[in-house]
Amino acid sequence: MSNRPNILFIMTDQHRGDCIGADPDSPRDRDGRPLVHTPNIDNLIENGAMFTRAYTPAPSCIPARRSLLTGQTPFTNGAPGWVTTPWEFEHTLPQELRDAGYQTKLTGKIHSIPIRNHVGFEDMEQHEALFAHPDDDYTRWLEAESGGKYEELGTGLGRNSWDPRPWHLEEYHHPTNWTTRRALEFLDQRDDTRPFFLNLSYVRPHTPFDPPQVYWDMYVDRETPEPYVGDWIDAEHGEKIPDYPAIDAWLADLPPTIVHRARAAYYGLITHIDHQIKRVFDKLRTIGELENTFVVFLSDHGEMLGDHHMWRKTYAYEGSARVPLLLQFPESMELPRKRIVGQPVGLEDVMPTLLSVAGVDVPETVEGRNLLDLVEEPDREDWREWYHGEHAAGSYDPENGTQYLIDEQFKYVWNPVTGSELLFDLAADPGEERDLSDDGDHAGELERARDAMVERLSSRPEGFVEDGELVPTDAGPDDVGDPDDCSTSS
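Residues numbered from 1 in each chain as written. Predicted model: local features only at pLDDT ≥ 70, side-chain atom pairs only at ≥ 80, totals over all residues. Heavy atoms only, no water.

Q: What exactly am I supposed to notice about the packing of aromatic side chains here?
A: Each aromatic ring pair is specified by the distance between its two centres and by the angle formed by the two planes. Under the criterion given, the structure shown has 17 aromatic pairs. With a centroid separation of 6.0 Å and 35° between ring planes, the pair formed by F9 and F197 is classed as tilted. Here the residue F9 occupies a position in strand β1 (residues 6-13), and F197 occupies one in strand β6 (residues 196-205), the gap between them amounting to 188 residues. Accessibility expressed as a relative area gives 0% for F9, which makes it buried. (Phe/Tyr/Trp six-rings, centres within 6.5 Å; stacked < 30°, edge-to-face > 60°. Helix = DSSP H or I, 4+ residues; strand = E, 2+ residues; numbered from the N terminus. Buried < 20%, exposed > 50% of the residue type's maximum accessible area, 1.4 Å probe, protein only.)

Q: Even after reading the chapter, I still don't get the sheet that holds strand β8 (residues 325-328), so can you show me in this structure?
A: Strand pairing within a sheet occurs via backbone hydrogen bonds; the two strands may be parallel or antiparallel. In spatial order, the strands read β5-β4-β6-β1-β7-β8-β2-β9; together these eight strands make up an open sheet with mixed pairing. Since the sheet does not close on itself, it has two edges, and those belong to β5 (123-126) and β9 (339-341), each with one partner. Shown here is a sheet whose adjacent strand axes are inclined to one another by a mean of 10°, direction ignored. Running at roughly 165° to β1, helix α2 (residues 61-70) makes contact with β1, β6 and β7 (293-299) of the sheet. (Pairing = 2+ DSSP bridges. Axes fitted to C-alpha atoms, helices over the stretch in contact; angles between N-to-C directions. Contact = heavy atoms within 4.5 Å.)

Q: I would appreciate a short explanation of the confidence of the model for the protein in the present structure.
A: Per-residue confidence for the protein averages 94 on the pLDDT scale, and 96% of its residues sit at or above 70. Below pLDDT 50 for its whole length, residues 486-490 participates in 24 contacts with residues either more than four positions away or in separate chains. (pLDDT = per-residue confidence, 0-100.)

Q: Looking at this structure, I do not really get the pairing of strand β12 (residues 402-406). What am I missing?
A: For a regular strand, side chains alternate in direction, first toward one face of the sheet and then toward the other. Extensive coverage of β12 is indicated by the burial of five of its five residues. The two faces of β12 match: T402, Y404 and I406 on one face and Q403 and L405 on the other face are all buried. Connecting the antiparallel pair β12 and strand β13 (residues 410-414) is a turn made up of three residues.

Q: Honestly, the side chain of T107 in this entry has me stumped. Any pointers?
A: Structurally, T107 can be placed in strand β4 (residues 103-108). Beyond its immediate stretch of four places on either side in the chain, T107 contacts E125, T179, R182, A183, L198, N199, L200 and S201.

Q: What am I meant to see in helix α6 (residues 213-220) here?
A: For an α-helix, the turn length of 3.6 residues means that residues three or four places apart are oriented alike. Every buried residue belonging to α6 is among Y215, W216, Y219 and V220, and all of these are buried. Buried residues along α6 cover an arc of 120° about the axis, so they all sit on one side. Buried-residue contacts for α6 involve α8 (256-286). (Arc of directions from axis to C-beta.)

Laid out in C-alpha cells, this is it:
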C-alpha cells in the first residue's frame, strides 16, 4: 500500500449544481425536504466539503473537459467554445499523476479528440455516446451481451432529446451500471504497489432521459418544481421560441406534463448514479482503501431542463453553468470537515488541488487554484473576486455567445454578439428570474461587474473591448460547432 492517497474522481455529464439533495438551492418537496435523493453524494460532506458556487468555465462538454484536464481557462487552451481540434497539451492531470507513479484509469466518458486519445491515462474503457464512435467499449459489450439484439438507443429517444421514457432493458445493461462495473473490476485487478487515480466518468444524466424503471417510478408521480421563468426572456429570445419545436430543440415552451416527465427522468438518472457510486465506496471499504482515498465529485456543466424555456447547455444561466462539486478527505489529511464554501470556484481549480493532494508539483501552465486553501479558510480575502466563464457564439444559434462573471452574490452576463447584458442577485434570486441591469439601486454593482469584464477581455484578439468599453462582435473560434451534433460529438 502506498503512503500517498488514492484519488477517486467521480464525474457526471450535464448535471445541474442544484440537483443534489445537499445543495441549498435543490428542489424541495411539500415538507421542505430535498426532492432529489442523493444520500451517498451528500455524505461526502461529512468528512469533506461542498462548494456552492462551483461553475464550468465553458458550459459544453469539450471546452469544459479541456479546462478540467489542463487546469487552464478556455481561452488559454484554445477552446472558448465548442471546437474539434486535436487535444495536444503539454501537461494534463492524468499525465502528471502517471509520471508521479500513480496508476491512472478511466471508465466511461472523456470526450478527447481524437477518440482514443488517452491524454495521460494508462488505460481507458470508454462509453462516449457518440455517433462518431459507434464501437466504443460499452456499445461493443452491449452488442456481444445480446448477440446483436440490444441497442442503447432502442428506446427511440435521441442523444439530445427532451422527450423522456424509462430504460427499455434490464438495469444491468444500463450504461451507468456498465461504467460502475468497469471501475469495480479495476479496483479488483489494480497494481496495489502504486496509488491509483480512477476517473469514474458517467455519461448520464446527459440525455437521453432514460432511467431504469425503478428510478423513473421514484419521481414520475411526485410533484416536481416548475421551471424558472425570467422577466428578461422576451427581450432575449422570445421571438425565437418555435411553435412546433424539434425533439432536440434548445429553446421550447413545452407543455407542463412533458417538462414534469423530463425532470422526473433526470432526477431518476441522478439517483441511479448515486446508488451505483455506493457500490464503489463499498468496494474501497472491502479492500481497505476507502480511508486512504481522496474523493472528488463534480460535473462538466449543467442542463437547463426547461428553465426560461431553454434546454441543454452553453448558456451562462445557473442551470447550465453551475455544477456540483464535493470533496471527501482521507483520514490522514488534517483538514476541517463539513465545510460549506461559497466562494466562486471552477473546473480549472481541480487539477492544482489534486496534484497538491498527491504531492506533485503544479506546472506553470496551470491557471487554477488549490481548493484546499478555501477548505482551510473559506472566507480568505485573497481568493478571486470574480469567476469568469464563456462560450463562443455559433452553437445552437448565431447569437448565443456569452461571457459571464460570478462573485459570491451577483452574476453579470454579457452577450458579445448582441451586446445585451443581465445582472442577477443570486443570493436573493437563485433562479435568475429578475434582471437588475436597469435597476438604479444596483447601478453600482452593474458598473463594477462591467469594469471587471472589460479588464478580463481587454487583451483578447476577438475585439471585445474598444476604448475601455465592451463592444459586440461575432468573432470566435473558426471551427465552432453544435455541442449536440452527434455526427461528431455529444
